[in-house]
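Chain by chain, the residues run as shown.
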Amino acid sequence: MEKTRLVITGMGAVTPVGIGVNNYWRALTTGVCGVGHITRFDASALPVQIAAELKGFDPMDFMPKTLARTMDPFMQYAFAAAGEALQDSGLSIEPESDRIGIVMGTAMDGVTTVASTQASFDEGHRVGPRFVPMTIGNIAAAQIAIAHGIHGPSLTLNTACSAGGDAAMTAAMLLCTGEAEAVLAVGGESILCPIVVAGLSQAKALSRRNDDPAGACRPFDAERDGFVIGEGGGALVIETEAHALARGATIYAELAGYANTSDAHHVTAPCPDGAGAAACMRRALARAGMQPADIGYINAHGTSTPAGDKAETLAIRSVFGGRETAPPVSATKSATGHLMGAGGLTEAIACILAIRDGILPPTLNLHTPDPDCDLDYVPNVARATAIDAAMSNSLGFGGQNSSLIVRRYR
């Protein structure tokens, strides 16, 4: 049976360094950092006072005011990214609305609405009728479907920080089983509220460089001390090759490989030797019919946690070998912060554009070598390098591992 080829025809990005794919990519390749002091609420009493917030995002630029009022920020960001991806793809939905699907990825759903509503309720205020639909993860996909008339499969994944990558994988599975001809894979996240920041601080997961926000996220650096919360949305339109060619679509890249595995090790800590992540990368390569040497660039999960970056380095070394044989690796979370459920998709977009433009985005703030992290991490400055294939890794709490492979379409 002939393998179904899958292609990417649309992209959308809402990130702390730029709203819209072009702005996002320009910022990544020029070394812009989106981390600053928290302005969304008063964080002065918290041990962590920094985050990568969205800047200049006005929901009314992407939706009616009445609709914006019914959506948690994570939904708004996903909605905006989805709209850009659909417009970019040129996909005409109405003639085949039941053959087009949506897969949504998010880690913590509408947690900011839950937190703010609880605080208001404790002060004696009433809970509004929109509370429940603003907090349920699948309503983001529902709002997108309603707005664009999409009647095909609709699924929402809650696989922590691998949810965006898993959304693309699930989209691929729907396409390969004939459940749809085109699928919108979308992710959205906004967890910036005092209770989440306090909880992650107590877990010692976050960087505490409050006096140096722009230098706080430093993946693979010896002085890294935790991740930085980010927020945003990402989206890809993925189609069968036959469907894309039949409608004359512009094809950005082929989605060649994808995989998901579980560490089955710990609810928050990665497997120390990176075995689960390594298995995921190997599965993605096998699905793509590729060898490790075929990969020209890896966009790492690279969150800037001491244990996580070391484990991912070991995983990459296990699959690709040491610095002499492994491809260049970079962690764009150093610029955007950790977009959680949206990260797998925005980082896959970075891989697609690296192939298109022959530019590898850098790992910012990498100044002090760590003997445990000894690969080529494209430190601090983007690099001009022609590549034909790239891998994006997303690793999450619970031992979730996701790997995507995109390659030049021929």
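Here the structure is a predicted model, which means the values were calculated and not measured.

Draft legend 1. Summary view of the overall build of the protein. The helix and strand inventory of the protein stands at 13 helices and 15 strands. Rg of the C-alpha trace for the protein: 20 Å, near the compact-globule value of 22 Å for 410 residues, within the 12% margin. Summarising its shape, the C-alpha atoms of the protein cover approximately 60 × 55 × 40 Å along the three principal directions. Across the 410 residues that make up the protein, the buried fraction comes to 61%. A sequence separation of at least 24 residues applies to 79% of the contacts in the protein between residues at least 6 apart. Here the protein has roughly 15500 Å² of accessible surface; of this, 54% comes from carbon and sulfur atoms. Separation between the mean location of the 28 positive side-chain charges and that of the 40 negative ones in the protein comes to 1 Å.

Draft legend 2. Structural view of the pattern of salt bridges. In this structure the tally under the stated criterion is 17 salt bridges. Between R383 and D376 there is a salt bridge, with its nearest N and O atoms 2.6 Å apart. Through salt bridges with shared partners, a single ionic network connects R5, E241, E254 and R407.

Draft legend 3. Broad picture of empty space enclosed by the protein. For the structure on display, the rule yields one cavity of 30 Å³ or more. Each pocket or cavity is described by its volume, and for the largest cavity that value is around 30 Å³. If you go around the largest cavity, the residues you meet are A27, L28, G31, V32, T332, A335, P361, P362 and L364. Tallied by class, the residues present in the lining of the largest cavity amount to seven nonpolar, two polar and no charged.

Draft legend 4. Main features of the environment of T135. With respect to the element layout, T135 can be found in helix α5 (residues 131-135). By relative accessible area, T135 is classed as buried at 14%. Placed 43 residues apart in sequence, T135 and S92 show a C-alpha to C-alpha distance of 30 Å. Once residues lying within four places of it in the same chain are set aside, the contact partners of T135 are M75, D109, G110, T113 and V114.

Draft legend 5. Geometry of the pairing of strand β1 (residues 6-15). Burial runs high along β1: 10 of the 10 residues are buried. Direction of pairing for β1 relative to strand β8 (residues 232-240): antiparallel, over a ladder of eight bridges. Looking across to β8, one finds that G12 is bridged to A235. Direction of pairing for β1 relative to strand β9 (residues 253-262): antiparallel, over a ladder of two bridges. When the bridges of β9 are listed, V7 appears paired with E254.

Draft legend 6. Main features of helix α10 (residues 275-288). Helix length check: α10, at 14 residues, gives a terminal C-alpha distance of 20 Å against a target of 20 Å (1.5 Å per residue), a fit within 8%. Listing the buried residues of α10 in full gives G276, A277, A278, C280, M281, A284, L285 and A288.

Thresholds applied
Residues numbered from 1 in each chain as written. Predicted model: local features only at pLDDT ≥ 70, side-chain atom pairs only at ≥ 80, totals over all residues. Heavy atoms only, no water. Helix = DSSP H or I, 4+ residues; strand = E, 2+ residues; numbered from the N terminus. Rg over C-alpha atoms; globule rule 2.2 N^0.38 Å. Buried < 20%, exposed > 50% of the residue type's maximum accessible area, 1.4 Å probe, protein only. Contact = heavy atoms within 4.5 Å. Areas by Shrake-Rupley, 256 points an atom, 1.4 Å probe, with all protein chains shown as cover. Lys, Arg positive; Asp, Glu negative; His and termini not counted. Charge placed at Lys NZ, Arg CZ, Asp CG, Glu CD. Salt bridge = Lys/Arg side-chain N within 4 Å of Asp/Glu carboxyl O. 1 Å grid on protein atoms, 1.4 Å probe; cavity = no way out; pocket = protein on both sides within 12 Å on 5 of 7 lines; lining within 4 Å. Points joined across faces, edges and corners; volume = space filled by probe spheres on them. Nonpolar A, V, L, I, M, F, W, Y, C, P; charged D, E, K, R; others polar. Pairing = 2+ DSSP bridges. Expected span 1.5 Å × (residues − 1).

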